[in-house]
Amino acid sequence: QKEVEQNSGPLSVPEGAIASLNCTYSDRGSQSFFWYRQYSGKSPELIMSIYSNGDKEDGRFTAQLNKASQYVSLLIRDSQPSDSATYLCAVNTGFQKLVFGTGTRLLVSP
Amino acid sequence: DTAVSQTPKYLVTQMGNDKSIKCEQNLGHDTMYWYKQDSKKFLKIMFSYNNKELIINETVPNRFSPKSPDKAHLNLHINSLELGDSAVYFCASSQDSWAGGESFGPGTRLTVL
């Protein structure tokens, strides 16, 4: 079982819709969780971090964490074509390193 | 006003050669990392250094040798390059050794022929 799993996509949504990206992780001891956005040919860019159960909102982005279900998600409201990218879920399992998922490719059509 | 910079951006070389990638950060961060992103876009940590000391050394062939002359620099030297080393290598830094929220450099695309 992979440590961090994501659906590779592509996830296609129309402009203005809500995009929902999901991630599951295997290590129950994981303590912090991150979402990175990576445009094609570019480096990953941190967009959200979450450490406790519940929701965390930042602008159009909401991260959701459920440690009991070992599940973290990212919602993007009012999706824009500029949101089209690969979204990487990353988990700190407590060993001073991040474990990344393989990413979900999001396509937002005008 | 680049935060994390890497050179070169592209590196094309023959099998068996030795090459180096340089990384510098001007964020004042204490921890620096090397990540490898393969052709399937899977991003995996290779090494991390905190204040010039090696913290993480993942299962990486010993042909890869990181060197941190000071906490603002972390270079990666690769000996006897193999086809499977072709990937994008990202340098990153973070404020402390508790991984998360790293700032990534622009990446070095290494192609081994």
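For every chain, the first residue of the written sequence is number 1, and numbering continues from 1 onward in sequence order. Following the order in which they are written, the chains are lettered starting with A and the ligands numbered starting with 1. Per-residue local features are limited, in this predicted model, to residues with pLDDT of at least 70; the limit for side-chain atom pairs, both in listing and counting, is 80 or more; totals at the level of whole chains, interfaces and linings are taken over all residues. To get the side-chain values, all heavy atoms of the structure are used, and hydrogens and water are removed first.

**Side note on the environment of Ala87 of chain B**
All names here are of chain B. Condition: The numbering of helices and of strands both runs from the N terminus, where a helix is a DSSP run of H or I of at least 4 residues and a strand a run of E of at least 2. Each residue is assigned to one of three classes by its accessible area relative to the maximum for its type, calculated with a 1.4 Å probe on protein chains only: buried under 20%, partly exposed between the two thresholds, exposed over 50%. Throughout, a contact is declared for two residues whenever any of their heavy atoms are within 4.5 Å.
Relative to the helices and strands, Ala87 is located in strand β9 (residues 87–94). For Ala87, a relative accessible area of 8% corresponds to the buried category. It is 27 Å that separates the C-alpha atoms of Ala87 and Asn51, two residues lying 36 residues apart in sequence. Ignoring anything within four residues of it in the chain, the contact list for Ala87 reads Lys36, Gln37, Asp38, Thr108, Arg109 and Leu110.

**Examining the sheet that holds strand β1 (residues 4–7) of chain B**
Residue and element names in this part refer to chain B. Definition in use: For two strands to be treated as a pair, DSSP must find at least two bridges joining them. Axis angles are defined between N-to-C directions and span 0 to 180 degrees, where every axis is a line fitted to C-alpha atoms and, for a helix, only to the segment in contact.
The strand order across the open sheet built from four strands is β1-β3-β8-β7, with neighbouring strands paired in antiparallel fashion. The open sheet is flanked by β1 and β7 (64–70), the only strands paired with a single partner. Neighbour-to-neighbour, the strand axes of the sheet open up by a mean angle of 20°, direction not taken into account. Bridge count for strand β3 (residues 19–25) against strand β8 (residues 73–78) is four bridges, and the pairing is antiparallel.

**A look at the interface of chain A and chain B**
Under the convention used in this document: Buried area: the accessible surface (1.4 Å probe) lost by two parts on joining, summed over both. By definition, a salt bridge exists where a carboxyl oxygen of Asp or Glu is found within 4 Å of a side-chain nitrogen of Lys or Arg. Contacts described as polar in this section are N or O atom pairs within 3.5 Å, which, within protein, must combine one atom able to donate a hydrogen with one able to accept it, while residues neighboring in sequence count only if both atoms come from side chains.
Contacts between chain A and chain B engage 19 residues on the former and 19 residues on the latter. Buried surface at the junction of chain A and chain B, both sides included, amounts to about 1600 Å², of which 57% is carbon and sulfur. Broken down residue by residue, the surface that chain A buries against chain B is led by Gln96, Lys97 and Phe100 of chain A, which jointly contribute 34%. The tally of links from chain A across to chain B stands at one salt bridge. The partner of Lys97 of chain A in a salt bridge is Glu58 of chain B, with the nearest N and O atoms 2.9 Å apart. In this assembly, chain A and chain B are joined by five residue pairs in polar contact (both at pLDDT 80 or more). Only β4 (32–38), β9 (85–92) and β10 (98–100) of chain A provide two or more residues apiece to the side of chain A that touches chain B.

**Section: the environment of Gly9 of chain A**
Assignment of secondary structure puts Gly9 of chain A in the loop between β1 (4–5) and β2 (11–14). A sequence separation of 77 residues divides Gly9 of chain A from Thr86 of chain A, and the C-alpha atoms of the two residues are 9.2 Å apart.

**Re the sheet that holds β1 of chain A**
All names here are of chain A. Strand order in this open sheet of five strands is β1-β3-β8-β7-β6, and the pairing throughout is antiparallel. This sheet does not close on itself; its edge strands, each paired only once, are β1 and β6 (54–58). When strand β3 (residues 19–25) meets strand β8 (residues 71–76), the two strands line up antiparallel, connected through six bridges. Paired with Ala19 across the two strands is Ile76, which belongs to β8.

**Section: the nonpolar core**
How we decide: To define a nonpolar core, start from buried Ala, Val, Leu, Ile, Met, Phe, Trp, Tyr and Cys residues and group those joined through side-chain atoms within 4.5 Å.
Ranked by size, the top nonpolar core spans 24 residues in total, and within it Trp35, Val72, Leu74, Ile76 and Tyr87 of chain A carry the most contacts. Those elements that place two or more of their residues in this core are β3, β4, β5 (45–50), β7 (61–66), β8, β9 and β11 (104–109) of chain A. Every residue in contact with Ile76 of chain A, bar those within four places of it in the chain, is listed here: Ala17, Ile18, Ala19, Leu21, Arg60, Phe61, Asp83, Tyr87 and Leu106 of chain A. With 19 residues, the next largest nonpolar core counts Trp34, Leu76, Leu110 and Val112 of chain B among its residues.

**Concerning the state of the cysteines**
Residues and elements named next belong to chain B. For clarity, the threshold we go by: Note on disulfides: each one is a pair of cysteine sulfur atoms within 2.5 Å.
Evaluation of the coordinates by the stated rule reveals two disulfides over all chains. Note on cysteine connectivity: Cys23 is disulfide-linked to Cys91, with sulfurs 1.8 Å apart. Handedness here is read from the sign of the S-S torsion; for Cys23 and Cys91, about -75°, the answer is left-handed. Separated by 68 residues along the polypeptide, Cys23 in strand β3 and Cys91 in strand β9 bring together distant segments of the chain. For the pair formed by Cys23 and Cys91, the shared burial category is buried.

Keep in mind that these numbers describe shape and distance, not what the molecule does.
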